[in-house]
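# Overview (structure and organization)
Residues per chain, in single letters:
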Amino acid sequence: MTTGLEALLDAPFEGDLDASHHMFRAACARFVRDEVAPHAHAWEEAEALPPDLWRRAADAGLLGPTFPQALGGGGGDVLHLVVSTEALVRGGSVGVAAGLGSLEIALPPVLHLGTPAQQAALVPPVLRGERVAALCVTEPGAGSDVAGVRTTARRAGDGWALSGSKLFVTSGVRADLLVVLARTGPDPHVGLSFFAVDKATPGVAVSRALQKTGWRASDTAELAFEDARLPADALLGPEGAAFGCLMQTFVRERLLLAAQGHAIAQVCLEDALAHARRREAFGRPIVGFQVVRHKLADMATRTLAAKAAVYRAAARLRDGACLPAEAAAVKNLAGDVARDVSHEAVQILGGMGYMRETRAERLSRDARLLSIGGGTREVMNEVIARALVDA
Ligand SMILES: Cc1cc2nc3c(=O)[nH]c(=O)nc-3n(C[C@H](O)[C@H](O)[C@H](O)COP(=O)(O)OP(=O)(O)OC[C@H]3O[C@@H](n4cnc5c(N)ncnc54)[C@H](O)[C@@H]3O)c2cc1C
């Protein structure tokens, strides 16, 4: 039986969603039930997604729900993205959400900086699931310190020559389209530009497919660029515009990761509750032990708080009001809640919680990423402190 509180935890925040969100939520749930959940464990073990998953996700309307309809997107808002993220995490592998979702961080520079011709050429094939897109910002020597990027694009004839390497690129092994941050000038910030790079370009290579703690169903690459020759129209926007664009898109990326966080907590809470009701020890269901009951109560309380914070910030982003420090705070909150709730879920599941076949086990590993990817917990605190203390 589902209690009122359980239903509340699973429900979206009604005031923030309209009929289109509810229809989309149902479509996402169907896709995840039929196409993701039965295979998530196998994909995690294989550390790869089936090549046709992107096309099937596109057919179900899951790819690019917020992109303009003219480019093949859903024409929705950031709450559609929150809803699809919740559904995908419910499939039991955040790696699936990360792999299908790499376009959500790779395409914004094309949208914000690209000409209509570049947008029309680059975006629709990705949203049809025919091509996979990946964002290449991080390097072996520059992660949190984005301005430290050393990959260089220099003018060569009519076009550009790209040299350097990129690290931790989500979908980088599978990707066809790479959106690459490169240095076009000496200034740490205005010396950075974005380039749309076809992975088949001579001089572009996957140096390594990296093995990870979590997000295992999504591939992660180290990429090498050795004097790769790019056409003039590979440059996105004016030279030197990349840093500002990246800072703008961070808010959305961080909210997306925060949505993964509250969704991880939600699923882990459900699985822990179901297990605690079923499992007997010392002649009674373990849900009768006060220690377990109070763990569940704390898990529910924190999950509700994280979810409320994510929905509020997403609604404010839809309305153009979400502050960078607000997104950073919500990311840290939801990341902490995902970490703690998934940890307690593993504890309540006992030995089963340590088995790779359970969602709680996988999601507890996936949760670890949230304090690192998209800006570390410490860097988020710097963003918050700057807005709070230095403002
Ligand atoms: C699974 C995964 C997927 C990823 N996907 C992508 C992707 O698709 N594209 C992409 O470009 N990147 C991607 N990344 C990279 C990710 O964004 C970086 O790992 C992250 O920004 C941190 O950078 P770093 O790993 O170099 O750590 P570092 O910057 O070296 O940080 C190391 C430690 O130093 C601390 N630190 C650094 N600076 C400060 C400071 N100013 N104050 C206090 N502490 C500080 C950090 O908090 C951290 O604890 C991914 C990473 C992972 C793990």
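Residues numbered from 1 in each chain as written. Predicted model: local features only at pLDDT ≥ 70, side-chain atom pairs only at ≥ 80, totals over all residues. Heavy atoms only, no water.

### A word on the site of the ligand
As a structural note, the neighbourhood of the ligand is formed by 17 residues, with Thr138, Ser144, Phe168, Thr376 and Glu378 the closest of them. Coverage of the ligand by the protein chains reaches 63% of its 980 Å² of free accessible surface. Listed by contribution, the elements that provide at least two residues to the shell around the ligand are strand E1 (133-136) and strand E3 (159-170). If one sorts the elements of the shell around the ligand by residue count, E3 sits on top with three residues. Per-class residue counts for the shell around the ligand are nine nonpolar, six polar and two charged. Split by domain, the shell around the ligand shows at least three residues from each of two domains, domain 2 (133-241) and domain 3 (244-389). (Near = heavy atom within 4 Å. Areas by Shrake-Rupley, 256 points an atom, 1.4 Å probe, with all protein chains shown as cover. Helix = DSSP H or I, 4+ residues; strand = E, 2+ residues; numbered from the N terminus. Nonpolar A, V, L, I, M, F, W, Y, C, P; charged D, E, K, R; others polar. Domains from an automatic or database assignment.)

### Concerning helix H8 (residues 116-127)
An ideal rise of 1.5 Å per residue puts 16 Å on twelve residues; H8 measures up with 16 Å between its terminal C-alpha atoms. For H8, every residue scored as buried is listed here: Gln118, Gln119, Leu122, Val123, Pro124, Pro125, Val126 and Leu127. Two residues or fewer after H8 comes Gly129, characterised by a positive phi angle close to 80°. (Expected span 1.5 Å × (residues − 1). Buried < 20%, exposed > 50% of the residue type's maximum accessible area, 1.4 Å probe, protein only.)

### Let's talk about the domain arrangement of the protein chain
Splitting the protein chain by domain gives domain 1 (4-127), domain 2 (133-241) and domain 3 (244-389). The gap between the C-alpha centroids of domain 2 and domain 3 is 31 Å. At the junction of the two partners, domain 2 supplies ten residues and domain 3 supplies eleven residues. Taken together, the links from domain 2 to domain 3 amount to zero salt bridges. The interface formed by domain 2 and domain 3 holds three residue pairs in polar contact (both at pLDDT 80 or more) in total. The class makeup of the residues in the side of domain 2 that touches domain 3 is six nonpolar, three polar and one charged. (Contact = heavy atoms within 4.5 Å. Salt bridge = Lys/Arg side-chain N within 4 Å of Asp/Glu carboxyl O. Polar contact = N/O pair within 3.5 Å; in protein donor to acceptor, adjacent residues only side chain to side chain.)

### Some words on a nonpolar patch on the surface
On the surface, Met352, Tyr354 and Met355 cluster together to form a nonpolar patch covering roughly 340 Å² of accessible area. Inspection of the secondary structure assignment puts Tyr354 in the loop between helix H11 (324-349) and helix H12 (359-367). (Patch = residues over 30% accessible without salt bridge, like charges linked within 9 Å, V, L, I, M, F, W, Y side chains within 5 Å.)

### Examining the pattern of salt bridges
Applying the stated criterion across every chain, the model contains 25 salt bridges. Between Arg216 and Glu47 there is a salt bridge, with the nearest N and O atoms lying 3.7 Å from each other. With a gap of 169 residues between them, Arg216 in the loop between strand E6 (204-209) and strand E7 (220-230) and Glu47 in the loop between helix H3 (40-46) and helix H4 (53-59) connect regions that are remote in the sequence. Using a relative accessible area of 23% as the deciding quantity, one classes Glu47 as partly exposed. In this structure, Glu361 and Arg365 form a salt bridge, with 2.8 Å as the shortest nitrogen-oxygen distance.

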